[in-house]
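Structural features, examined
Each chain, written out:
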Amino acid sequence: MSIASNFPNLHLLRFLAGPISPSSLISVSNSCKHLTSLHVSSPRPLNFHWLKNFPFLKDLSFTNSSPKYDDYLTLHSLNSHPDYGSDSEEETQVSGKSGLCLETLCLSGIGAEDHGMNWLWKNCKNLRNLRLKNCESIGYGDSFTSFFNCLKNLEQIEVRTSRTIVDVVLFQLSEHCNSLDSLLLYDGGSREGLHRFITSTKSSIKRIDFRLPLDLDNYHISAIGECFNGLVSLRLQSCCLITGEALKNLGADSMKLEELALINCDVVEREPGLLTTLGQNLKGLRKLDLSFNEMLVDKELVSMLASCKNLVDIKLRGCRGITNSAMVLMCKNCKGLENVDIRQCSRVGVEGVDVILMALPKLRSVLVEDIKVSSDAKKWVSKKFIQVIDI
C-alpha cells in the first residue's frame, strides 16, 4: 500500500517479501498505471482478474504461495470463497478482443486442482515467452482448451521441474505453434514425448537447453541433428545417456552452431578426443560452457580450443583438473575472448589469472575468486575497465 501511494510512475515492481492479496494488487493498479513488469506471489484461491487493471503490463512472474492443494483443503473450505474459480463468460471478455498486453509470463507452483487459470489463458493472446516452474497442471477443466489457444505466437518456452505436464505442453506446441524459437526443459518428461515433439514440430527451433539426466539419449540427439538445421545454441546439463558418437554427428551436421554447453556431462570425461573432434567440426562456436566437468584435463581442453578461434565467451567453472598451463594456451589460441568464468578451478592460480587479465586484448569480464587476483593485475584491470567478479 505504501508503494502504491508513493510511486505513481513505477515501471517495475518485484515484491517477494510475502504473498499479496488480489485486493492489494487492485490498489496498486489504481495508482501505478505505468507498470510494465511485475513479480509477485499470491495464495489460493487463484484469481487473475486484477490484471485487467494494468494496461501496460508486459512481464508477469507469479508464484502460488499456498501449500500443496491437499494441505490447503484441510485449512480452508471452498465454501468460504464464493468466488473460487470464478471464470464467467462475462468476465473473460473484460480485456476486449486484443486481450492482455502480456508478452512474458512466468508461473510457479500451479496445482493439479487449481481453478482460476481459464480466465488468464483466455486473455493471454499476445504471449511470446512462457515459463512454467514446479507446476502440476496448467489449470482445471476448460483451462486446457484456453491454454492451447494462447500458444499460437509463442517464441520461447521453459518448463522446469514440471514432469506431469511436459508431454501435454510439447504435444500442443507441435500442434498449435509454428513460431517457437527457444526450448528449455529441466528435470522431467518422457523420452517418447520429447522425440515426438522434435520430429513433428512445425517450428524452426534455434536454441535448445536440456537438463534431462535420464530422459535424453542418442535417439533425441540424432533427431535434433536431422530436424533442426538452423540450430545455433545447444545446452546440455547432466545428460548421462548420450555418447560421443551422437555429439560428433551433430557437430558435423550443424555447422551454424554458435553456442555449445556440456555441463556436468560425463561423456566429456568418458570419451577422450571428443572435444577435439567437436572443436574441428564447430569452428564457428562463439560461446562454450564446460562447467563442472571436474575430470577435464588440460590436454582435452587445449586441443579443442586450438580450433575455436572465434570464441568470445567461455565458462570453465568447477573444472578442477585444468591448470595455469591451459590458461596460457587458451589466451594464445582465443584472442577474441571477452568473458571468462574460472570460478572453483582449484588448480588455476594467480599466475593463470594474471595471464588471462593481461593477455586478452578484448577482455571485458572475468569471474574468479578475488584472492587469485594479484595486486599488479588489479591495477591493470582498473586501467582497462575490466570487470573482475567474485560471486
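The rules we used
- Residues numbered from 1 in each chain as written.
- Predicted model: local features only at pLDDT ≥ 70, side-chain atom pairs only at ≥ 80, totals over all residues.
- Heavy atoms only, no water.
- Helix = DSSP H or I, 4+ residues; strand = E, 2+ residues; numbered from the N terminus.
- Buried < 20%, exposed > 50% of the residue type's maximum accessible area, 1.4 Å probe, protein only.
- Contact = heavy atoms within 4.5 Å.
- Areas by Shrake-Rupley, 256 points an atom, 1.4 Å probe, with all protein chains shown as cover.
- Lys, Arg positive; Asp, Glu negative; His and termini not counted.
- Charge placed at Lys NZ, Arg CZ, Asp CG, Glu CD.
- Salt bridge = Lys/Arg side-chain N within 4 Å of Asp/Glu carboxyl O.
- pLDDT = per-residue confidence, 0-100.
- Arc of directions from axis to C-beta.
- Phe/Tyr/Trp six-rings, centres within 6.5 Å; stacked < 30°, edge-to-face > 60°.
- Pairing = 2+ DSSP bridges.
- Right-handed = clockwise from strand over helix to strand, strands pointing away.
- Axes fitted to C-alpha atoms, helices over the stretch in contact; angles between N-to-C directions.
- Parallel < 35°, antiparallel > 145°, perpendicular 65-115°, else oblique.
- Left-handed = near helix turned anticlockwise from the far one by under 90°.
- Nonpolar A, V, L, I, M, F, W, Y, C, P; charged D, E, K, R; others polar.
- Core = buried A, V, L, I, M, F, W, Y, C linked by side-chain atoms within 4.5 Å.

Attention now goes to the overall build of the chain. Along its length, the chain carries 16 helices and 15 strands. A principal-axis box enclosing the C-alpha atoms of the chain has dimensions of 70 × 50 × 40 Å. Burial analysis of the chain (391 residues in total) assigns 50% to the buried set. Contacts spanning at least 24 positions in sequence make up 71% of the contacts within the chain whose residues lie at least 6 apart. Total accessible area computed for the chain in this model is approximately 18000 Å², and 51% of it derives from carbon and sulfur atoms. For the chain, the distance from the average position of its 44 positive side-chain charges to the average position of its 44 negative side-chain charges is 8 Å.

Cis geometry marks the peptide bond from R44 to P45, where omega comes out at -5 degrees. Relative to the helices and strands, P45 is located in the loop between β2 (37-42) and β3 (59-64). Even without being glycine, S238 reaches a positive phi, approximately 55 degrees. A positive phi angle, close to 55 degrees, is found at F385, a residue other than glycine. Here F385 falls in the exposed class, since its relative accessible area comes to 73%.

Enumeration according to the criterion identifies 18 salt bridges in this entry. Put simply, R128 and E155 hold a salt bridge, and the shortest N to O gap is 3.9 Å. Here R128 is found in the loop between α5 (117-123) and β5 (129-133), whereas its partner E155 is found in the loop between α6 (143-149) and β6 (156-160), with 27 residues between them in sequence. A relative accessible area of 34% means that E155 is categorised as partly exposed.

Residues at a pLDDT of 70 or more form 91% of the chain, whose mean pLDDT is 89. Confidence drops under pLDDT 50 across residues 69-90; counting only partners more than four residues distant or on other chains, this segment forms 30 contacts.

As a further point, take helix α12 (residues 274-281). Taken together, the buried positions of α12 are L274, L275, L278, G279 and N281. In a view along the axis of α12, the buried residues occupy a sector of 165 degrees, so they form one face of it.

Take the packing of aromatic side chains next. Evaluated as defined, the whole model comprises four aromatic pairs. With a centroid separation of 4.8 Å and an interplanar angle of 75 degrees, the aromatic rings of W121 and F147 are classed as edge-to-face. Highlighted residues: W121 in helix α5 and F147 in helix α6, separated in sequence by 26 residues. Residue W121 shares its accessibility class with F147, and that shared class is buried. The structure contains a cluster of three or more aromatic residues connected by ring pairs, namely W121, F147 and F148.

Most of strand β4 (residues 104-108) sits inside the fold, with five of its five residues counted as buried. Every second residue of β4 is oriented toward a common face, with T104, C106 and S108 on one face and L105 and L107 on the other, all of them buried. With five bridges connecting them, β4 and β5 associate as parallel partners. In the strand pairing of β5, T104 is matched with N129. On the question of chirality, the crossover connecting β4 to the parallel β5 by way of α5 is right-handed.

Attention now moves to the packing of helix α15 (residues 350-359) against helix α16 (residues 375-384). Angle between the axes and distance between the axes are the two parameters that describe a pair of packed helices. Between α15 and α16, the shortest axis-to-axis distance is 10 Å and the interhelical angle comes to 20 degrees. Relative to α16, the element α15 lies roughly parallel. Relative to α16, α15 is oriented so that their crossing is left-handed. Where α15 abuts α16, its residues D354, L357 and M358 lie against D376, A377, W380 and V381. Among the residues making up the contact of α15 with α16, the classes are represented as five nonpolar, no polar and two charged.

Two numbers describe how helix α8 (residues 191-200) lies on helix α9 (residues 218-227): the axes approach to 9 Å, and their chain directions differ by 10 degrees. By the angle class used here, α8 and α9 are roughly parallel. When α8 is examined against α9, the residues R191, L194, H195, I198 and T199 are found in contact with a partner set consisting of Y219, H220, A223, I224 and C227.

Looking now at the nonpolar core. Judged by nonpolar contacts, the single largest core of 113 residues is most densely connected at L236, L316 and I342. Take this core: its biggest share by element is five residues, from helix α7 (residues 163-176). Sequence-distant contacts of L236, defined by excluding residues within four places in its chain, comprise F210, L216, I221, I242, L247, A261, L262, I263 and C265.

By the element assignment, S61 lies in strand β3. Not counting residues within four places of it along the chain, the set of residues in contact with S61 comprises L38, H39, V40 and C106.

Below, the discussion takes up the environment of L57. Mapped onto the elements, L57 comes out in the loop between β2 and β3. Classification of L57 as buried rests on a relative accessible area of 2%. Filtering out sequence-adjacent residues up to four positions away, L57 remains in contact with L35, T36, S37, L38, L51, C101 and L102.

Turning our eyes to something else, we now look at the pairing of β3. Note: β2 against β3, six bridges, orientation parallel. Along β3, the bridge assignment pairs H39 with S61. Note: β3 against β4, five bridges, orientation parallel. Of the residues in β4, the one forming a bridge with S61 is C106.

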